[in-house]
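Coordinate inspection notes
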Amino acid sequence: MFEAIPPSSSQITFSISRSSIISHLFPIKNRSHHIRQSFGWRFASGIRCKAVEITAAESGIKEEKRKKGRYALENLTTWLLKQEQAGNIDAELSGFIRSSGHTAIIASEEEDVPVAVEETYSGSYIVVFDPIDGSANIDIALTTGSVFGIYGPDEQCLVNIDDDSTLSSQRSSLTRQLDEARQRCIINACQPGRDLLAAGYCLYSSSVVFTISIGKGVFAFTLDPTFGEFVLTHEDIKIPKTGKIYSFNEGNYDLWDGKLQSYLDYLRQPGPPNGKPYSGRYIGCLVGEIHRMLLYGGIYGNPKNKNSKNGNLRLLYECAPMSYLVEQAGGKATNGHQRILDIKPEQIHQRTPIFIGSPDEVDKLQQYLA
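The following paragraphs examine the structure supplied in this document. (Residues numbered from 1 in each chain as written. Predicted model: local features only at pLDDT ≥ 70, side-chain atom pairs only at ≥ 80, totals over all residues. Heavy atoms only, no water.)

Description of helix α12 (residues 315-328)
An α-helix turns once every 3.6 residues. As a result, residues three or four positions apart point the same way. Note the threshold: Each residue is assigned to one of three classes by its accessible area relative to the maximum for its type, calculated with a 1.4 Å probe on protein chains only: buried under 20%, partly exposed between the two thresholds, exposed over 50%. Only DSSP runs of H or I covering at least 4 residues are called helices, and only runs of E covering at least 2 are called strands; the numbering of each starts at the N terminus.
Counting buried positions along α12 gives twelve out of 14 residues, so the element sits mostly inside the fold. All of the buried residues along α12 are Leu315, Leu316, Tyr317, Glu318, Cys319, Ala320, Pro321, Met322, Ser323, Tyr324, Leu325 and Val326. Count one or two residues on from α12 and you reach Gly330, which has phi positive near 100 degrees.

Comments concerning the pattern of salt bridges
Our working rule: What makes a salt bridge here is a side-chain nitrogen of Lys or Arg within 4 Å of a carboxyl oxygen of Asp or Glu, nothing more.
On inspection of all chains with the given rule, the structure shows ten salt bridges. Between Arg292 and Glu289 there is a salt bridge, with the nearest N and O atoms lying 2.8 Å from each other. Pair noted here: Arg292 and Glu289 are both in helix α11 (residues 286-296), with a separation of three residues, about one helical turn. Note on accessibility: Arg292 and Glu289 belong to one class, buried. Note that Arg339 is salt-bridged to Glu327, the shortest N-O span being 2.8 Å. Highlighted residues: Arg339 in the loop between β16 (332-334) and β17 (351-352) and Glu327 in helix α12, separated in sequence by twelve residues. The class for Glu327 is partly exposed, based on a relative accessible area of 25%. Here the residues in one salt-bridge network are Arg194, Glu327, Arg339 and Asp342, joined through shared partners.

Focus: the sheet that holds strand β14 (residues 299-302)
The test is simple: Any two strands with at least two DSSP-identified bridges between them are counted as paired.
With mixed pairing, five strands are arranged side by side in an open sheet as β13-β12-β14-β18-β16. Pairing within the sheet leaves two strands with one partner each, and these edge strands are β13 (279-280) and β16. Of the strand pairs in this sheet, strand β12 (residues 245-247) and β14 are connected by two bridges, and their pairing is parallel. Bridging across to β14, Ser247 finds its partner in Tyr300.

Some thoughts on the pairing of strand β8 (residues 196-204)
Among the nine residues of β8, eight are classified as buried, and the element is accordingly described as predominantly covered. As paired strands, strand β7 (residues 144-151) and β8 are joined by eight bridges and run antiparallel to one another. When the bridges of β8 are listed, Ile150 appears paired with Ala198. Of the pairings in the sheet, the one linking β8 to strand β9 (residues 208-213) comprises six bridges and is antiparallel in character. Pairing of Ala199 across the sheet is with Ser213, part of β9. Between the antiparallel neighbours β8 and β9 lie three residues.

Overview of the sheet that holds strand β4 (residues 103-108)
Formally: We call two residues in contact whenever any of their non-hydrogen atoms come within 4.5 Å of each other. Axis angles are defined between N-to-C directions and span 0 to 180 degrees, where every axis is a line fitted to C-alpha atoms and, for a helix, only to the segment in contact.
Spatial strand order, β5-β4-β6-β7-β8-β9-β10-β11: eight strands in an open sheet with mixed pairing. Edge positions in the open sheet fall to β5 (115-116) and β11 (229-234), since each of these has one partner strand only. As paired strands, β4 and strand β6 (residues 125-133) are joined by five bridges and run parallel to one another. Its bridge partner lying in β6, Thr103 is registered against Tyr125. Seen against the sheet, α11 touches β6, β7, β8, β9 and β11 and runs at an angle of roughly 100 degrees to β8. Running at roughly 100 degrees to β8, α12 makes contact with β4, β6, β7, β8 and β9 of the sheet.

Focus: the packing of helix α10 (residues 258-267) against helix α13 (residues 359-369)
Put simply, the test is: An angle below 35 degrees is read as roughly parallel, one above 145 as roughly antiparallel, one from 65 to 115 as roughly perpendicular, and any other as oblique. Note: crossing handedness is left-handed where the near helix turns anticlockwise from the far helix by less than a right angle, and right-handed where it turns clockwise.
In contact at an axis separation of 8 Å, α10 and α13 are set at 135 degrees when each is read in the N-to-C sense. As far as their axial angle goes, α13 and α10 are oblique. The chirality of how α10 crosses α13 is right-handed. Judged by residue contacts, Lys259, Leu260, Ser262, Tyr263 and Tyr266 of α10 engage Glu361, Lys364, Leu365, Tyr368 and Leu369 from α13.

Section: the packing of aromatic side chains
Where we set the bar: Stacked, tilted and edge-to-face are the three classes assigned to paired rings of Phe, Tyr and Trp, where Trp is represented by its six-membered ring and a pair needs centres within 6.5 Å; plane angles under 30 degrees give stacked, over 60 edge-to-face, the rest tilted.
Summed over all chains, the structure comprises eleven aromatic pairs. Judged by centre distance (6.4 Å) and plane angle (45 degrees), the ring pair of Tyr246 and Phe248 falls under tilted. By the burial criterion, Tyr246 is buried, and Phe248 matches it. Plain terms: the ring middles of Phe248 and Phe355 are 6.2 Å apart, the flat faces sit at 35 degrees to each other, and that makes the pair tilted. A residue pair is termed long-range when its members are at least 10 positions apart, and Phe248 in the loop between β12 and α10 and Phe355 in strand β18 (residues 354-357) qualify at 107 residues. Feature note: the residues Tyr246, Phe248, Tyr253, Trp256, Tyr263, Tyr266, Tyr278, Phe355 and Tyr368 constitute an aromatic cluster, connected by ring pairs.

Thoughts on the side chain of Asn305
Formally: Residues adjacent in sequence count toward polar contacts only when both atoms are side-chain atoms; beyond that, a polar contact is any pair of N or O atoms within 3.5 Å, and within protein one must be able to donate a hydrogen and the other to accept it.
Note that Asn305 resides in the loop between β14 and β15 (313-314). At 2.7 Å, the side chain of Asn305 and the backbone nitrogen of Asn307 are in polar contact. Polar contacts involving the side chain of Asn305 include one to the main-chain amide nitrogen of Ser308, which spans 2.7 Å. With near-sequence residues (within four places) excluded, Asn305 lies in contact with Asn252, Leu255 and Trp256.

Details of unusual backbone geometry
With a phi angle near 60 degrees, Ala141 is a residue other than glycine that sits in the positive phi range. Considering the arrangement of structural elements, one finds Ala141 in the loop between β6 and β7. Look at Asp236: it is not a glycine, yet its phi comes out positive at around 50 degrees. When you line up the elements, Asp236 lands in the loop between β11 and β12. By relative accessible area, which is 37% here, Asp236 ends up partly exposed.

Bear in mind that shape data such as this cannot, by itself, settle questions of function.
Written out as C-alpha cells, the structure reads:
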C-alpha cells in the first residue's frame, strides 16, 4: 500500500484518512490564500491518494494468472461508495445524532426498526433520516444528498423506555433484545408528516447546500469552503406556481396506468407559451430533484407501477420531509389521491407513490388522475 501525504497547508484535500468520513465531505477550515496554492503548482503534489491491491475477483483475472503487485488507484469517489455499501456512513451520521443529547429515537433507512437512544445521551426528539439519497450516483460522482425530519416527543412511546443494561449495547444488539412490547412502543413513534417540527436536506454536488424549514419558510445555506462555514444564499424560498420541467423515470412508462400515461403524453406535446413541450430531467436523486424544483418549479413523480404497487420511495424519511419543505415553499405533494403530509405511516419503511412540485402542475396532474 502506498500513500502520499500533502502539505498541511493544502486547502482542497482528496483524502483516504480512516479517522472520519465527515472529514472527506467538508473541506478543512483554513486561510484563504491556501486556495491559490492548492490549485497552483502545488496542486499535483497536494493530492492525497492511495494505491490498493486488486483482488482476483475484482480484476477478472484468474488467481493463478494474476501478476503479483497489481494495483489500482482508489479515489474519494470509490472510497465513499465502499463506505456506503458497508453502512459506515449511516453509522457515523447516526452517531452524531445519538450523541447530540436531544434525540430519543432514530429511524433510518438502514435500520430494520427504530432505535432508542441510551439514556446517557437521550433527549426527547424523534429523528428520521435517509443518510445517503441517490447512492447509485456515488460511483460516477453525480448528485447525492441526505434527508431528515424531526418530530416532537411521543409520550406513549417514551414513557416505558427505562434505564436498562441492554440500552448500553450496540444498536444491532439493542433491537434484538427489546421485547415485543417495547418494539411496538417505538414503532408508535411513526407520525404523519403534518406533525413535523422541522425537515431538510443536504445536497452534495458542485456545491454543498443545506436546506431547512422549521415551519416558517424554507432557507438554504451554501458551504463556503474558504472558511468551512455555511452561508445563507437562498432566503425564504418560494417555488414557482408553474414550471416547464418534469422529472419521471420514463423507463417505466409501459408499467404505469393509462391515466398517468396520458398525462406524460400531454407534457411531451408542444404548447404555450413558446410552442415547446416540457423539458424532461431525471437525476436519480430525490434531493437533487427537489432542490431544482424549489428554485425553478415543475413536477417530480415516483408513481406506483405494475411491479411496485406502492411506489419506490419511503413515506416516513423521504416523502414526508420533502413534502413538508415543498409545502412550506408554497408547493404541493400528493400520492395521487391524498396529501402526503396527511398519511400516517403504519410501518417504518412503508412506501408510497408521490407527485410533488409547483401547485399548478400538481393540480393539472390530478385532473388527469381523477
